[in-house]
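Results of the structural survey
Single-letter residue listing:
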Amino acid sequence: MYVLITGAAGGLGRAFANECAQRGYDLILTDINESGLKAIKYGLERKYGISVRARACDLTSDASVAELMKYIRKEKIQPDMLLNVAGMDNEGGFIERNITSVLDIVKLNLEATLRITHSVLKERNSTSRFYIVFVSSLASMYPMPLKATYAASKRFLLDFAYALREELKSRNVSVLTLCPGGLATTREAICGITSQGFLGDATTNPIEKVVHNTISLALAGKAIYIPGLLNRSLSTLGKLFPKKLITRLLYIRWSHAQKQWLDMKA
Amino acid sequence: MQVKSKSVVVTGATSGIGFSVCELLLKNRFRVIGVGRSKENCEAARERLIEKYPEGEIVFFYGDMVHQQEVFRVASEIRDYLRKSSGDELHALINNAGCVRSWYMTSNEGYEHQFALNHLAGFILTHELLPCLIRAKGRILFTSSASHKMMRMRWKDLMFEKGYNPLLAYKQSKLCNMLFAYSLNEMYRDKGIAAYGVDPGLVNTSIGNKETGFIVNLVWSIRRRFGVSPDEPAKTYLMLCTVETPPNELYFKFLKPARYSSQVNKENADRLFAISEQLCNIRYER
Ligand SMILES: NC(=O)c1ccc[n+]([C@@H]2O[C@H](COP(=O)([O-])OP(=O)(O)OC[C@H]3O[C@@H](n4cnc5c(N)ncnc54)[C@H](OP(=O)(O)O)[C@@H]3O)[C@@H](O)[C@H]2O)c1
């Protein structure tokens, strides 16, 4: 099993890489952060005595992705699994934010994910089953004031993944979307979690279990994985109430949490 | 008569136990080399120390020591400084920096935070500073804890990747401190090195309130109120740095030798040592 992981130098990407290494899979890692990529490659190789391929790539650039694909061809790698982990989050009201930072979300979470997925599907090993994982978010379940673009980008991925799954079913491709709640990946992420008080703890998913289950469920051909009972209930609840009401409630919750968060940062 | 001052490196020097140790060392005319996580916290700590001991010799180096690259960089900066200031001699290294985490988090290398900071950072720093320590027949201290007891090494899952448990991950990291101190004595006692684990007792510091979630925060905020001031355990560190003949015991609490876990034995120590060398890509001279 050859697995390509994007965003491999980030907290979730590193955990996925670890999980795959434990399962004995071969890895090709990519990320825009070259030194981070070097570090995780080093860590995996020290820990498991394996050899890991890593190649920096800016997924928002056609040229950079073309180069990555050239490398993959040259090395005669035929991926069996693609983990689309690269993505970004950005807090704040739409009008308060610099438009470039808003558009960057669209560029990375959407454009780049489609670009790499399209490219990799062409290089896949067509004689065996192929697996794609999209990392969406619990935020994809509802419109999210103050995280409007981010949440909508995650919704896009979720819907897109369902559609793609149907399109490629006959070609032996399986598509899973992961919709986690909070993940404790960075100091910033921890601030975001604690700013929500007890609910932050309760909706935070243990990364090591999330990555393990994601791979197992992808292999089993499942379409969606929402980790955590509370998160699953919240997403079901979201479907029972009118969109307007949910959006209003979320606005109240986020503006409160955001105030806490800004206080904490100060 | 002015005696040449001896240098001591203290990690985690910006708050809690490490900070109090720095104060006491300065008071006793050691040259103190503090290590902290961030520039801001190091500057603030330095200012507080200078205010109290305007004559004191104190420098700070900073780096996020969960990441190995950062530890190597800080170590090389310290070595440069020791060469210039102290004739390349280090009298004591106090591996004290530590953290608690609520969740499984990883360093850039993909190593679990508590294992990476509480154990591996000290493993690397000690290796890098060992030549300077040997020249001074120095001492190596670890802030361990009574938490190292009632715990076994989880060899099959050292980094808690099958399911994270904050408390067990912490206990194991403190057991690692004891095992590493044990190894250092085995390997370098004949070169004049002495290594110790210190149990500071329950201390009122903010360790459980940094980068932790709601529950760990809450539990620690209550628990720390029952703790002693960090000035109490600091006395034990000073004693171990100043006592003429280094004692033979491995583990100290409130100035006295204390009992430690039977898990602290040669078999476990050797095993951890070999794994740590592998994970850090370094080899201690044997
Ligand atoms: N408190 C207790 O009851 C107790 C009991 C037994 C053992 N201990 C041990 O005592 C040691 C010191 O803890 P403490 O209670 O004094 O807590 P503390 O006040 O939080 O001190 C920890 C120190 O380590 C530094 N540090 C944290 N993360 C770091 C990183 N990634 N890189 C570099 N430095 C980092 C901190 O810097 P910042 O100031 O920038 O955060 C701080 O200087 C720890 O090893 C702990 O396990 C404590």
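Heads up: these notes are all about the structure in this document. (Residues numbered from 1 in each chain as written. Chains lettered and ligands numbered in written order. Predicted model: local features only at pLDDT ≥ 70, side-chain atom pairs only at ≥ 80, totals over all residues. Heavy atoms only, no water.)

Here's the deal with the pairing of strand E6 (residues 173-178) of chain A
Residue and element names in this part refer to chain A. For clarity, the cut-off: Accessible area is worked out with a 1.4 Å probe on protein chains only. A residue is then buried under 20% of its type maximum, exposed over 50%, and partly exposed in between. To qualify as a helix, a DSSP run of H or I must reach at least 4 residues; to qualify as a strand, a run of E must reach at least 2; elements of each kind are numbered from the N terminus. In this scheme, strands are said to pair when DSSP sees at least two bridges between them.
The element E6 is largely enclosed, with a buried count of six among its six residues. Where strand E5 (residues 130-135) meets E6, six bridges bridge the pair, whose relative direction is parallel. Residue pairing across strands places Val135 opposite Leu178, the latter belonging to E6. Alignment of E6 against strand E7 (residues 224-225), held across two bridges, turns out to be parallel. Note on E7: the bridge partner recorded for Leu178 is Tyr225.

So, the sheet that holds strand E2 (residues 26-31) of chain A
All names here are of chain A. What counts here: Throughout, a contact is declared for two residues whenever any of their heavy atoms are within 4.5 Å. Here, axes are lines fitted to C-alpha atoms. For helices the fit covers the stretch in contact, and angles between N-to-C directions go from 0 to 180 degrees.
What the seven strands build is an open sheet, ordered E3-E2-E1-E4-E5-E6-E7; its pairing is parallel. Looking at the sheet topology across the chains shown, the edges are occupied by strand E3 (53-56) and E7. Against the sheet, helix H2 (residues 34-48) touches E2 and E3, its axis set at about 160 degrees to E2.

Notes on a nonpolar patch on the surface
To keep things clear, this is the line we draw: Residues enter patches when they are more than 30% accessible in relative terms and free of salt bridges; like-charged ones are connected within 9 Å and nonpolar ones (Val, Leu, Ile, Met, Phe, Trp, Tyr) within 5 Å. Here the Shrake-Rupley method, with its probe set to 1.4 Å, supplies the accessible areas, and only the displayed protein chains count as covering residues. For this analysis, a salt bridge means a side-chain nitrogen from Lys or Arg found within 4 Å of a carboxyl oxygen belonging to Asp or Glu.
A contiguous nonpolar patch, built from Phe198(A), Phe214(B), Ile215(B), Leu218(B), Val219(B), Ile222(B) and Phe226(B) and spanning about 700 Å² of accessible area, is present on the exposed surface. For the nonpolar patch, the element with the highest residue contribution is helix H6 (residues 214-223) of chain B, accounting for five residues. Following the sequence through the fold, Phe226(B) ends up in the loop between H6 and helix H7 (231-242).

As for the environment of Ile193(B)
Residues and elements named next belong to chain B. With respect to the element layout, Ile193 can be found in the loop between helix H5 (166-188) and strand E6 (194-199). The spacing of Ile193 and Ile140 is 53 residues in sequence and 7.5 Å in space, taken between C-alpha atoms. Those residues in contact with Ile193, other than ones at most four positions away along the chain, are Leu130, Leu133, Ile134, Gly138, Ile140, Asn185 and Tyr188.

Some remarks on the interface of chain B and chain A
Counted only if it meets this: Two parts placed together each lose some accessible area under a 1.4 Å probe, and adding up what both lose gives the buried area. Counted as a polar contact is a pair of N or O atoms within 3.5 Å, where, for protein atoms, one must be capable of donating a hydrogen and the other of accepting one, and residues adjacent in sequence contribute only when both atoms are in side chains. When residue character is reported, Ala, Val, Leu, Ile, Met, Phe, Trp, Tyr, Cys and Pro are called nonpolar, Asp, Glu, Lys and Arg charged, and the others, Gly included, polar.
Counting residues at the interface gives 27 residues for chain B, matched by 29 residues for chain A. Of the roughly 2400 Å² buried where chain B meets chain A, counting both sides, 52% is carbon and sulfur surface. For the chain B face of the interface with chain A, the top three residues by lost area are Trp103(B), Glu161(B) and Phe214(B), together amounting to 26%. Our enumeration of links across chain B and chain A arrives at two salt bridges. Between Lys47(A) and Glu161(B) there is a salt bridge; the shortest N-O distance is 2.5 Å. Where chain B touches chain A, the interface holds 18 residue pairs in polar contact (both at pLDDT 80 or more). Residue assignment for the side of chain B that touches chain A shows that the elements contributing at least two residues are H6 and helix H8 (266-280) of chain B. Grouping the constituent residues of the side of chain B that touches chain A by class yields eleven nonpolar, eleven polar and five charged.

What to know about the site of the ligand
Residue and element names in this part refer to chain B. Keep this limit in mind: Residues are counted as near a molecule or strand when any one of their heavy atoms sits within 4 Å of it.
As a matter of local geometry, the ligand sits amid 29 residues, with Thr14, Ser15, Asp64, Tyr170 and Thr205 nearest to it. Gly16 is positioned with one of its backbone polar atoms (N or O) 3.3 Å from an oxygen atom of the ligand. Within the backbone of Asn96, a nitrogen or oxygen atom sits 2.8 Å from an oxygen atom of the ligand. If the ligand stood free it would expose 890 Å²; the protein chains cover 96% of that surface. Looking at the shell around the ligand, the elements with two or more residues in it are helix H1 (16-27) and H5. For the shell around the ligand, the class distribution of residues is twelve nonpolar, 13 polar and four charged.

A few points about the nonpolar core
Note that soluble globular proteins tend to have their nonpolar side chains buried in a common cluster. The condition is simple: What is meant by a nonpolar core is a set of buried Ala, Val, Leu, Ile, Met, Phe, Trp, Tyr and Cys residues, joined one to another through side-chain atoms within 4.5 Å.
Of all hydrophobic cores here, the largest spans 57 residues; its most connected members are Ile78(B), Leu129(B), Ile140(B) and Tyr284(B). Of all elements in the fold, only strand E2 (31-36), helix H3 (68-85), helix H4 (113-135), strand E5 (139-143), H5 and H8 of chain B reach the threshold of two or more residues within this core. When residues of this core are assigned to their parent elements, the largest contribution, twelve residues, is made by H4(B). When neighbours within four sequence positions are excluded, Leu129(B) is seen to be in contact with Val9(B), Ala75(B), Ile78(B), Arg79(B), Leu82(B), Leu90(B) and Leu93(B). Counting 35 residues, the second largest nonpolar core, distinct from the first, contains Val3(A), Ile5(A), Met81(A) and Tyr225(A).

A word on the sheet that holds E5(B)
Note: strands within a sheet are paired through backbone hydrogen bonds, in either parallel or antiparallel orientation. Residues and elements named next belong to chain B. Across the sheet, which stays open at both edges, the eight strands sit in the order E3-E2-E1-E4-E5-E6-E7-E8 with mixed pairing between neighbours. Two strands lie at the open edges of the sheet, namely strand E3 (58-62) and strand E8 (256-257), each paired on one side alone. The sheet contact formed by strand E1 (residues 7-11) and E2 spans five bridges and is parallel. What sits directly across from Ser7, in E2, is Arg31. Along the sheet, helix H2 (residues 39-52) contacts E2 and E3; its crossing angle with E3, the most-contacted strand, is approximately 170 degrees. Each of strand E4 (92-95), E5, E6 and strand E7 (251-253) touches H7; the most contacted strand, E5, lies at about 165 degrees to it.

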